[in-house]
Structure formats: structure tokens, C-alpha cells
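# Examination of the molecular architecture
Letter by letter, the chains look like this.
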Number of protein chains: 2
Amino acid sequence: MRVSDKHSKITQAAVKVFARKGFFNARISDIAKEAKVADGTIYLYFNNKYDILISLFEDEIGKIIHQVKLLLEREDDPCKKLHIFARHHLLLLEEKKDLAEVLQMELRQSNKFMKEYRNTKFIEYIDIISAIIHQGQDMGIFSKNISPGIAKRAIFGALDEMSRLWVLADAPHYTIEETATQVCNLFLHGLKNPLAH
Amino acid sequence: MRVSDKHSKITQAAVKVFARKGFFNARISDIAKEAKVADGTIYLYFNNKYDILISLFEDEIGKIIHQVKLLLEREDDPCKKLHIFARHHLLLLEEKKDLAEVLQMELRQSNKFMKEYRNTKFIEYIDIISAIIHQGQDMGIFSKNISPGIAKRAIFGALDEMSRLWVLADAPHYTIEETATQVCNLFLHGLKNPLAH
DNA sequence: CGAACAAAAATGAATATCTATTCATCTTAG
DNA sequence: CTAAGATGAATAGATATTCATTTTTGTTCG
């Protein structure tokens, strides 16, 4: 078996176990069992338990960034770009439920217990949103009153909270497509009724 | 010393310690030391470590709900109500940084590791937002195309993500007032430039 | 071809540490 | 003087990490 195979086998197992039990309640031996590997083997590929989580973030968010950037570069309209981003973010729930769950629940904690770790991949991810907003403003489609630095966080936060609904609720009320569209419309047109005086 | 004094002394200490180290890394002995109480004393007031966290949620979110409802009932305009809610949510960061941090970081995890615990107080909190949206729709000010069930989560998610920025960053770029206003405007008017064709 | 060997990889039992919880004992209040 | 409240040392269980040993892999040479 190639080295990289075992590395990714362990990563995949860790995603499953972290999703099921959360980082702190997950035992190394759980991950080892899931990966069909001895406990000690994990330490040949990772320095410690935190390292598994961090390395998982870097790799998987890296892939997501790559994918969504590919989708976005084929589109010009910032409104449609926003929709693509929202849809892609939420679709992760369908395609890789465990991964979505881990990123959702554990990512937020990570900065807390690993003070030294600066999550640059995460920054790169949300900066995709601010780039879209900037583009929209330059094209005159989006209002210049809006701070892209605030809007990028607001939009990411909104999408991520919708994710949380799926992760925690067993039978969510809305479909993913419906939600992506609704959230996009909300951010594009706002709550205000255009027909009102 | 009255019983309730010791209960709340321990709760306050737990808030500080959870904020500093996170729930899992916090030791009971840390909380005991912070509360100037023996380790065993904690078990006279709480069943176990989880119970401290849950009881803290219930109590503190309860107070927040009470406060913000008081503020809201004096106002009629749903737009202004939304602003009051946003401002109040973010102001917690200034007034009770540790508490904000614990609610921000640990609340999300709680449903995960305590499967049986349904956070009804949290539901009650975000339902304040959907009530505002409903009212706005009934008054014809807000568009009927928007699902209050989705919008409440989107708005809460956006605000909470802004909180996270403050909790993690040492020197945030924006003031709380500025942020509350920006986020509200974004949700009220959307990204789209009204001057564009 | 395959036997012999060395290096690399993998194993999992043992270690070392950590900490939530208990409870026999002591202190305080009424 | 008693009962409620508080104490903190001892217990019991858990588990991340190590490392002596075993297994696998790849290479050399008769």
C-alpha cells in the first residue's frame, strides 16, 4: 500500500469518527479501528491528535476552494456567482455529510484550543465571497455602501447556520436548492418589499 | 452565604474558565479555584460537568431573551426592531465578553455531545427574529417571498459570525455599532444597487 | 528463480498522566 | 448540640503516546 493511501485512509476514518463523537470524545483507538490500522500507525503519519484535525482541515478545505473557484471562473454575473457559491457550500452536506459536520462543528473550536494555529485556508475560503462583492460593486450592480469585509462574514455566517440546521436536525423542512435560492435572494434584494412606498 | 449566591458564584467562575480554556480543557478544579470553593462543593450544586454548562446556557440565555424582549416591546417599526436585536446581540461582546465567548463557541457543540439535550432556549431566542419578520410581512413592509424560517437562521448566523470575529480577533476592524448597522442594512436592502437599471 | 538479508513500515501492549467524581471527615449556623 | 453545608484527599477509570517487537517490502546475488 502506498504511503499516501494510508495517510488518506486515516484521514477519512478520522472524519467519520470526529463527525460521530466530536473531536474531544473521539479516541485515537476509534480512528485506528475505523481505518483498520494499529493505534501506533497513526503516529507514523501524524504528530498527535490535533495534527489529524488540522491536517484534515487544510486538505479538505483546500479541495473545496479549488472546486468552487473552478465553477466560479466560468461565470461573470456576480449575482449568479453568489448563487453558485451558496449552492456549492450547502451541497457539501449532501455529498459529504460527515465532512460537512466536522467542518461545521469542529472548525469553530479549533482556533480556540490551538491558539497558535491561524486558519489561513478558512480566510481564503471566505475571501471568495468578498471578491464576488467587490466585482459586483465595480460593475455598479452592488451598492457601494456595503462593506465587503462585513458582508463576506455575514453571508458565510448565514450559510453556515443553515448547514448547522441540517447537521443537527434529522428531517429539515427545506431542500438544499430551495435554501440556496432563498438565502441568495435575501442577500441580493433584502427583506424590504419593493412595492411598498 | 445564601445557597443561590454559591450557585451563581460557581456559574460565574465556570463562564470565566470555559471562556479561557473551552469546555473540554477546563478542569473542575479550575472552576473550583476560580470560585474559591472546594472541588466537592461543585457537586452539591450541579450533577456533573455537563450540567454546569447546560444550566449556564439556560440561565444566561434566559436573561438575554428577557432583556431584548423588553427593549423590543417599546418599538413598532420592524426595521428598527431588527436593528435593536442586532445591536443587543453584538453588545453582549462588550458587556460580557466571557459569556459571549462561551455561548459563541460551546453552544454549538453542546447539541453534539449531549444528544438528549434539546436547546429550547436557543430556539426561543431565534424565534424573536422570525416574529419580527412576520410582523413586517403582515404590515406589508417586508416581502412575502421571504421564508421567516430561513431568514431567522440567516440573520442569526450572520450576527453570530460577526461575534466570532470579535471573539477570535484581538483588534477587530469595525466597531459594534457600525457592524450592527451594516448587517441590518444588508438584510433590509440587500446587496443590489437600487440605482442600477 | 528464489534464498538471504536489510531497511522500512506496522503493530499493540505497556506506560504515564490526567481528572471527574466520591465520601469520610470537618466546619458553620441556627 | 444538631443538621446542613463544605472540604479535599483518595479512587477509579480513561486514553494519548511510546517503543520493543514483528511483519512486509525491495534488493542483491548464487
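This structure is a prediction, so every number in the text was calculated from the model and none was measured. (Residues numbered from 1 in each chain as written. Chains lettered and ligands numbered in written order. Predicted model: local features only at pLDDT ≥ 70, side-chain atom pairs only at ≥ 80, totals over all residues. Heavy atoms only, no water.)

Close to DNA strand C lie 14 residues, the nearest being A38, T41 and Y45 of chain A together with I28 and Y43 of chain B. Per the 4 Å cut-off to the protein, sugar and phosphate atoms form 72% of the nearby atoms of DNA strand C. Y43 of chain B is positioned with one of its side-chain polar atoms (N or O) 2.6 Å from a phosphate oxygen of DNA strand C. K49 of chain B has a polar backbone atom sitting 3.1 Å from a phosphate oxygen of DNA strand C. When contributions to the surface near DNA strand C are tallied by element, the ones reaching two or more residues are α3 (39–45) of chain A together with α3 (39–45) of chain B. Tallying contributions element by element places α3 of chain A first for the surface near DNA strand C, with four residues. In the surface near DNA strand C, the residues fall into seven nonpolar, four polar and three charged. (Near = heavy atom within 4 Å. Polar contact = N/O pair within 3.5 Å; in protein donor to acceptor, adjacent residues only side chain to side chain. Helix = DSSP H or I, 4+ residues; strand = E, 2+ residues; numbered from the N terminus. Nonpolar A, V, L, I, M, F, W, Y, C, P; charged D, E, K, R; others polar.)

It takes a turn of 180° to lay chain A on chain B, together with a shift of 0.0 Å along the axis; the resulting RMSD is 0.0 Å. The superposition of one copy onto the other is thereby described by a two-fold rotation axis. When C-alpha positions in chain A are compared against the rotation axis, the closest is assigned to G190 of chain A, at 1.9 Å. Taken together, the interface assignments show that 100% of the residues at the interface of chain A recur at the interface of chain B, consistent with an identical surface on both copies. (Least-squares fit on C-alpha atoms with pLDDT ≥ 70 in both. Contact = heavy atoms within 4.5 Å.)

Before going further, it helps to spend a moment on empty space enclosed by the protein. Residue and element names in this part refer to chain A. In total, this model carries four cavities of 30 Å³ or more according to the counting rule given. There is about 200 Å³ of room inside the largest cavity. Taken together, 14 residues make up the lining of the largest cavity; nearest its centre are H89, L92, L103, Y125 and D160. Put simply, the parts of the chain that give the lining of the largest cavity at least two residues each are α4 (49–72), α5 (78–95), α6 (97–113), α7 (120–138) and α8 (148–168). No other element matches α6, which puts four residues into the lining of the largest cavity. Classifying every residue of the lining of the largest cavity by side-chain character gives 10 nonpolar, three polar and one charged. (1 Å grid on protein atoms, 1.4 Å probe; cavity = no way out; pocket = protein on both sides within 12 Å on 5 of 7 lines; lining within 4 Å. Points joined across faces, edges and corners; volume = space filled by probe spheres on them.)

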